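Now for the letters of each chain:
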Amino acid sequence: MLKLSVFMSPTGGHVGGWRHPDAVTDAGFNIERWAELGKLVERGKLDMMFLADGNGVNGIEDPDLLSRNPTVRPVVIEPITLLSTLAMHTKNVGLVATATTTYAEPYSIARHFGSLDWASKGRAGWNVVTTSNSADSMNFGRDEHSEQSERFERAEEFVDVVKGLWDSWADDAFVMDKESGVFLRGDRVRLLNHKGKHFSVRGPLNCARPPQGHPVVVVAGASDAAKELAARTADVIFTVTETKESAQEFYADFKARVVKHGRHPDEVKVFPGASIFVGKTEQDAEDIYKQLQDLIPEQVGIQVLSRIAGLDLTQYPLDGPLPEMPETRGIGSFRAALRRLSDNEGYSIRELYQRVLPARGHIMMKGDPKQVADQMEEWYRDKACDGFNLVAAYLPGALEAIIDLVIPELQGRGLFRKEYEGSTLRENLGLARPADGFPYIAPAA
Ligand SMILES: Cc1cc2nc3c(=O)[nH]c(=O)nc-3n(C[C@H](O)[C@H](O)[C@H](O)COP(=O)(O)O)c2cc1C
């Protein structure tokens, strides 16, 4: 079965999306919006909703561009806070928040996600990132973002510490026996006593072992470093691929890495991003797409592309090729996708922004419900992915269209669930619950 996540950006996934006449624009500060959106995602029986995040206002050095491009998320409700609220408004959908290993501490992250797992009764997920916006460093007493290799070295140790902390208590540690006066079993807890290069953490965590054992761990990235981290530690990898062939290559390479780490290939699901433009008919989809494209001012188009490329493209001819891009500290995987599109398709800068902005480097699926479902099915059957991280151009309309038009088509083909299989995110994704590692002790007769 295909697995589906949805990338919930407060102003939608398309740069012009927030300007659509029916788009909501206040999801960055109106919690009621999210209750409605959460219920909508659940109506579509999607596996999970995912919130990207950062710790700063990406693009503040260019207020003119920022004033016209809210897709960089200048205003958001902090994801753990938001998803804790949504835990009360939803029953089945997985709630996945992004948290960085570069500017956080593992003890706090283990607590936050352990607690979200309890609040949601086993539906929490952690999207592990090393931070894409290098200027976030300035909000944490540092002038510079560290190099990718250093960030990932810290991330590797960070994730191990968090998992170790989640395993502080045995699943059966809290007996709460009023008669005997024993609240917890002192022999069913362990100190982590971790001393590594980056962290020194004694433990235990002041949160019971989460309902899922470990909340679902997602890694977002496509570089070798991200793939290695995901192959060893994650349950899901979010990635960026713009053609089926590059997705197949990624899939085969990634699953081989999973096996190399002694794991079964099905233990880690591969979700490329997919921007969906669907209408009742092919013409409807084209009209919606054109309407949105017309909402991107040319200047914003070039500037946004410049940010992704890590290079000021306003200096180059708009109808000329993409120049060499420097090795910056942004998102390498998105830059690599740009390079491939330019080299393989011969796109000019203008064509690149028109092609990339609607889907932000991800594959774009456009058409009537059957055409979109055909593409999804082909990717799935041809081992290009295990599922998708869906991107809706604007909220809620473009997401409603996915749920009302594409999901029934997938269900009709037996490719997607009609009801949630289980009550936890792990169960719905078909992932095992990790054992607590304590020796089994039979309950007293
Ligand atoms: C699909 C996807 C989503 C991402 N989401 C975020 C995010 O929400 N916040 C963030 O700081 N970084 C995000 N990143 C970037 C990660 O910080 C990643 O660790 C960084 O890009 C370096 O890995 P890479 O070179 O493999 O892309 C994302 C990357 C991808 C591919």
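As recorded in an unreviewed UniProt entry, the chain goes by LLM class flavin-dependent oxidoreductase and comes from Croceicoccus ponticola.

**Student:** Pulling in residues and values, what's your account of the pattern of salt bridges?
**Tutor:** Counted under the stated rule, the structure contains 35 salt bridges. For Arg 209, the salt bridge identified is with Asp 171, shortest N-O distance 3.2 Å. Of this pair, Arg 209 sits in the loop between β8 (200-201) and β9 (216-220) while Asp 171 is found in the loop between α5 (148-166) and β5 (174-177), placing the two residues 38 residues apart along the sequence. Given a relative accessible area of 39%, Asp 171 falls into the partly exposed group. A single salt-bridge network, built from bridges that share partners, covers Asp 224, Lys 227, Glu 228, Asp 253, Arg 257 and Lys 260.

**Student:** Pulling in residues and values, what's your account of the UniProt feature "binding site: FMN" (unreviewed entry) in the chain?
**Tutor:** The UniProt entry lists Asp 53, Thr 98 and Ser 223 under the feature "binding site: FMN" (unreviewed entry), expressed in the numbering used here. One can find Asp 53 in the loop between β2 (48-51) and α2 (63-66). If we skip the residues at most four places from it in the chain, Asp 53 touches Arg 73, Val 76, Pro 79 and Thr 98. Position of Ser 223 relative to the elements: it lies in the loop between β9 and α6 (224-233).

**Student:** Summarise empty space enclosed by the protein; cite the residues concerned and give the values.
**Tutor:** Taken as a whole and judged by the stated rule, the model has two cavities of 30 Å³ or more. In terms of lining residues, the largest cavity is bounded by Met 8, Pro 10, Ala 27, Trp 34, Leu 51, Ala 52, Arg 73, Val 76, Ile 77, Pro 79 and Leu 82. By residue class, the composition of the lining of the largest cavity is ten nonpolar, no polar and one charged. Put simply, the second largest cavity is a space of about 40 Å³. Considering the residues around the second largest cavity, the lining is formed by Asn 58, Gly 59, Asp 62, Leu 65, Leu 66, Asn 69, Val 72 and Arg 307. Here the residues of the lining of the second largest cavity are counted per class, giving three nonpolar, three polar and two charged.

Rules used in this analysis
- Residues numbered from 1 in each chain as written.
- Predicted model: local features only at pLDDT ≥ 70, side-chain atom pairs only at ≥ 80, totals over all residues.
- Heavy atoms only, no water.
- Salt bridge = Lys/Arg side-chain N within 4 Å of Asp/Glu carboxyl O.
- Helix = DSSP H or I, 4+ residues; strand = E, 2+ residues; numbered from the N terminus.
- Buried < 20%, exposed > 50% of the residue type's maximum accessible area, 1.4 Å probe, protein only.
- UniProt positions renumbered as here; feature names shortened; annotations may be inferred.
- Contact = heavy atoms within 4.5 Å.
- 1 Å grid on protein atoms, 1.4 Å probe; cavity = no way out; pocket = protein on both sides within 12 Å on 5 of 7 lines; lining within 4 Å.
- Points joined across faces, edges and corners; volume = space filled by probe spheres on them.
- Nonpolar A, V, L, I, M, F, W, Y, C, P; charged D, E, K, R; others polar.

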